[in-house]
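Inside the fold
Residue-level listing of the chains:
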Amino acid sequence: MVERQQEDGLSYRSVAIDYFEDRKLRRHAGVFYLWALGVAAVISGDFSGWNLGFAVGGWGGMFLGTIIITIMFLGLTYSIAEMSPALPHTGGAYSFARTAFGPWGGFVTGIAENVEYVLTPAVIVYFIGAYLTAIFHVPPAFQPFWWILGYIVFVGLNARGVELSFTVTVMVTLLAIAVLVTFFLTAIPFFDFNRYALNIGADPLTGAAVELPEGNGPFLPFGIYGIFAAMPFAVWLFLAIEQLPLAAEESVDPRRDMPKGIMLGMFTLIALGFLVLIINPAISVERTVTDAAGATTTLHGAFALGTSSEPILDGFRAIFGMDLAGALALAAVIGLVASFHAIIFASGRQIYSLSRAGYFPHFLSVTHGTHKTPNIALIAAAAIGLGVMLVVWFSMGGQAAGSFIGGVLLNMAVFGAMFSYLLQGLTFIQLRRRFPNIERPYRSPLGVVGAALTVVIAIVTIGFQLADPVYRTGVIGVAIWYALAIIYFAAYGRKTLVLSPEEEFAVKHRADAASV
């Protein structure tokens, strides 16, 4: 039965009295747990991905690109640190945009995060499987077994209650940080910045990156262009910190704790990210590569890391030698596991919030009767991510699918994230401009300027992502995802909405603003 009509032709349905009783979450997290969740979601980016920026920007381009991306994320995190306690709902970015721009704005923002949080765990578990396959010397065809096992274990841990979920989050976060700190300390005796970090030059004829055997190369071998080209890779050092507002309804006191958790997490990641950026390329890393003709070449330092899928592991090998490769690889897996676990948490809450409001089918938001976790949403997110992986793997002939999973699916997740950053920056500006009377327990010290910088830098970064053909393929995938979601919402979802906490807050404050 339709209860009332609202803006943009939406219909809000009346629901049974037990509707929200069946969709309860349990409060548990304080500042420390929120800090751990934010760091865990991101920390795998310190272990791989960021280093590919050396190949297009050199060390100086990557360093300056990282500074620019850090400014973008500071603008973003300070913005969500203000918005989250003001709108303390599980919906996070969708909730903020729903109030700022109406239902379609909220929906579009929610789908951007949905792409990110469904596909990112899938890509991470692919890399976990690749590591474990090498460590245990099993055939490459065995990789899907690791994916299935990973999802079963970590969806299970998330489903057993928020207490267990956050306990595991703290454990893997502290372990991953310990691995990085161990790397930093043991690398000090091997540190030779000019020799290894500045060993990238540009071929004067082709402009391609070349290794300088003696190092001491230019700070910006590819000029100003290299700074912008490296920015999409610098995103990996902070990607997914924005998931913290999804834990608002499981925070003991989101008005007090959420801003502290977000910003402590961000500053921890800044410290870890810049230490990795400075130390990892400045030691005697070596990688042997084979060209199409079968000839082998040994690469060194930052030049070697520019094509590496395991930069921290390469660094450990340079310090401890190859004999400890298996143990070191297991250590490197810890960072991937931390992010896998944390982003599974986010995927469940993100689907739960959109389902509870009716944007997605209602049954997806039913929580477990005892544990009060969004088990159906967690399983749905895992099933979609794993299903996409398995379809790609078997349809492309097994190992050949690796480049697609590590390229196109990865870039779909990154593009979804970058688009959501753009939208969240605009959302913050709109909330400040149109809804000044919303109570804000915390106010961003960067204000509208910080949000505007987030928007501008996100647009520039997206532009350079689109310059890469692999990224463009990923954008097509995101467009298909959006098309399917919009068709569902336009045809059915918009007629079955419910006044969830996010919707009720938005309807009230938009009506108040319209009456002024």
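Preceding this section is the structure that the text describes.
Residues numbered from 1 in each chain as written. Predicted model: local features only at pLDDT ≥ 70, side-chain atom pairs only at ≥ 80, totals over all residues. Heavy atoms only, no water.

1. Quick look at the packing of helix H13 (residues 402-434) against helix H14 (residues 447-466)
Counted only if it meets this: To obtain each axis, a line is fitted to C-alpha atoms, and for helices this fit is confined to the stretch in contact; angles are then taken between N-to-C directions over 0 to 180 degrees. Only DSSP runs of H or I reaching four residues or more are called helices, and only runs of E reaching two or more are called strands; each is numbered from the N terminus. Roughly parallel refers to an angle under 35 degrees, roughly antiparallel to one over 145, roughly perpendicular to one between 65 and 115, and oblique to any angle outside these ranges. Less than a right angle of anticlockwise turn of the near helix away from the far helix marks a crossing as left-handed, whereas a clockwise turn marks it as right-handed. We call two residues contacting when some pair of their heavy atoms lies within 4.5 Å. Under the convention adopted here, Pro, Cys and the residues Ala, Val, Leu, Ile, Met, Phe, Trp and Tyr are nonpolar, Asp, Glu, Lys and Arg are charged, and Gly plus all remaining residues are polar.
Remark: H13 packs on H14, axes separated minimally by 9 Å, with the N-to-C direction vectors making an angle of 155 degrees. With respect to their mutual orientation, H13 and H14 come out roughly antiparallel. In this structure, the crossing between H13 and H14 has a hand that is left-handed. Touching Val414, Phe415, Met418, Phe419, Tyr421, Leu422, Gly425, Leu426, Phe428, Ile429 and Arg432 of H13 are Gly447, Val448, Ala451, Ala452, Thr454, Val455, Ala458, Ile459, Thr461, Ile462 and Gln465, all from H14. Each residue belonging to the contact of H13 with H14 can be placed in one class, and the counts come to 16 nonpolar, five polar and one charged.

2. Thoughts on the pattern of salt bridges
Let me state the cut-off plainly: Put simply, a salt bridge is a Lys or Arg side-chain nitrogen that is within 4 Å of an Asp or Glu carboxyl oxygen. A 1.4 Å probe rolled over the protein chains alone gives each residue an accessible area, and that area as a share of the maximum for its type sets the label: buried under 20%, exposed over 50%, partly exposed in between.
For the structure on display, the rule yields 15 salt bridges. Note that Asp253 and Arg256 form a salt bridge whose closest N and O atoms lie 4.0 Å from each other. The salt bridge involving Arg287 is made with Asp314; its shortest N-O contact spans 3.9 Å. Of this pair, Arg287 sits in strand S5 (residues 286-290) while Asp314 is found in helix H10 (residues 311-320), placing the two residues 27 residues apart along the sequence. Considered together, Arg287 and Asp314 belong to a single accessibility category, that of buried residues. Through salt bridges with shared partners, a single ionic network connects Arg287, Glu310, Asp314 and Arg317.

3. Observations regarding unusual backbone geometry
In this model, His137 sits at a positive phi of 55 degrees, which is unusual for a non-glycine residue. Counting through the fold element by element, His137 comes out in the loop between helix H3 (93-135) and helix H4 (143-159).

4. Observations concerning the side chain of Ser44
Mapping Ser44 onto the fold places it in helix H1 (residues 31-47). Setting aside residues up to four positions removed in sequence, Ser44 forms contacts with Ile124, Gly335, Leu336 and Ser339.

5. Observations concerning the environment of Ser444
As a reminder, the rule being used: For the purposes of these results, a polar contact is taken to be a pair of N or O atoms within 3.5 Å, where, inside protein, one atom must be able to donate a hydrogen and its partner to accept one; residues adjacent in sequence count only when each atom of the pair is a side-chain atom.
Among the structural elements, Ser444 can be located in the loop between H13 and H14. Linking Ser444 and Pro259, residues 185 residues apart in sequence, is a C-alpha distance of 9.4 Å. With sequence-adjacent residues up to four places away left out, Ser444 is seen in contact with Tyr78, Ser79, Glu82, Phe428 and Arg432. Reaching out from Ser444, the side chain makes a polar contact with the backbone nitrogen of Leu446 at a distance of 3.1 Å. A polar side-chain atom of Ser444 sits 3.1 Å from the main-chain amide nitrogen of Gly447.

6. Focus on the packing of aromatic side chains
The condition that has to hold: For Phe, Tyr and Trp, rings pair up if their centres lie within 6.5 Å, where Trp contributes its six-membered ring, and each pair is then called stacked (planes under 30 degrees apart), edge-to-face (over 60) or tilted (otherwise). Whether a charge lies above a ring is judged from NZ of Lys or CZ of Arg, which has to be within 6 Å of the ring centre and within 35 degrees of the ring normal.
This model, assessed by the stated rule, comprises 36 aromatic pairs. On the numbers, 6.1 Å between centres and 75 degrees between planes, the contact of Phe419 with Tyr482 is edge-to-face. Remark: Tyr482 occurs in helix H15 (residues 469-491) and Phe419 occurs in helix H13; sequence separation between them is 63 residues. A residue is classified by how much of its surface remains accessible, and Phe419, at 23% relative accessible area, is partly exposed. The structure contains a cluster of three or more aromatic residues connected by ring pairs, namely Trp59, Phe63, Phe191, Phe193, Phe219 and Phe274. Just above the ring of Tyr19 sits the side chain of Arg23; from NZ or CZ to the centre is 3.8 Å.

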